[in-house]
Amino acid sequence: MMKASSIAAIGVLALCGGVAFGAHAAPAAIVGTYEGTEEGGPALMHIRGAPPRYKVDVQTGMSGCGGGVAGFATFDPKGRLVLTATESGMTCRVTMTKIPGGWDMHEDSCMSYHGDMCGFTGVVKRTGK
């Protein structure tokens with residue numbers, strides 16, 4: 001017979017898509033502002049909301065290039081936060097992997113959101129805001 005605590009833990013895993021998060025990477029703890037560099041330029045990311053969907057806004061910019069993408073993001077089965085936005089038939093996907101103090105981000109098909117000289121691939125760290 002299973003203990004109530006074991007049943008509760010299984011329920012939490014089911015709600016999180018089967019992904020177990022450590023205390024430092026719990027989904028509720030990710031809300032905040034992050035800064036860093038993306039493909040050589042400055043980057044700013046805001047995460048708002050609560051599980052299972054977060055509102056994510058990623059901005060990048062440098063001389064001759066800049067832009068942003070915003071939308072809802074959810075955790076995939078591998079524990080990565082994935083933002084998908086579609087504009088004019090083009091789908092931009094930013095996949096964010098949790099690292100100590102921030103996120104390692106990689107984009108796919110996002111050039112229409114920022115131009116060809118910069119991008120949403122890089123590392124951002126929590127600013128304390």
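Report on the accompanying structure. Being a predicted model, the structure only gives us computed values, none of them experimental.

**Looking at the pairing of strand β3 (residues 53–62)**
- Sheet topology places strand β2 (residues 41–50) next to β3; eight bridges connect them, and they run antiparallel. Bridging across to β3, I47 finds its partner in V56.
- What sits between the antiparallel neighbours β2 and β3 is a turn of two residues.
- Direction of pairing for β3 relative to strand β4 (residues 65–75): antiparallel, over a ladder of nine bridges. Within β4, the residue paired with V58 across the bridge is V69.
- Connecting the antiparallel pair β3 and β4 is a turn made up of two residues, with G64 showing a positive phi of about 85°.

**As for the state of the cysteines**
- Enumeration over the complete set of coordinates arrives at two disulfides.
- Note on cysteine connectivity: C65 is disulfide-linked to C118, with sulfurs 2.0 Å apart. Looking down the S-S bond of the C65 and C118 bridge, the torsion is -75°, so its handedness is left-handed. Of this pair, C65 sits in strand β4 while C118 sits in the loop between α2 (111–114) and β8 (122–126), and the two are 53 residues apart along the sequence. Just as C65 is buried, C118 falls in that class too.
- Here C92 pairs with C110 through a disulfide, and the sulfurs are 2.0 Å apart. Sign of the S-S torsion, about 90° for the bond between C92 and C110, identifies this disulfide as right-handed. Here C92, found in strand β6 (residues 90–99), pairs with C110, found in the loop between β7 (102–108) and α2; they are 18 residues apart in sequence, far enough to count as distant.
- Each disulfide of the protein joins two cysteines, and with those cysteines numbered along the sequence the arrangement is 1-4, 2-3.

**A word on the packing of aromatic side chains**
- For the structure on display, the rule yields two aromatic pairs.
- Note on Y54 and F75: the rings are 6.1 Å apart at their centroids and 85° apart in plane angle, and the pair reads as edge-to-face. Of the two residues, Y54 sits in strand β3 while F75 sits in strand β4, which places them 21 residues apart along the sequence. Neither Y54 nor F75 differs from the other in exposure class; each is buried.

Calculation notes
Residues numbered from 1 in each chain as written. Predicted model: local features only at pLDDT ≥ 70, side-chain atom pairs only at ≥ 80, totals over all residues. Heavy atoms only, no water. Pairing = 2+ DSSP bridges. Helix = DSSP H or I, 4+ residues; strand = E, 2+ residues; numbered from the N terminus. Disulfide = S-S within 2.5 Å. Buried < 20%, exposed > 50% of the residue type's maximum accessible area, 1.4 Å probe, protein only. Phe/Tyr/Trp six-rings, centres within 6.5 Å; stacked < 30°, edge-to-face > 60°.

Taken by themselves, the reported measurements are silent on function.
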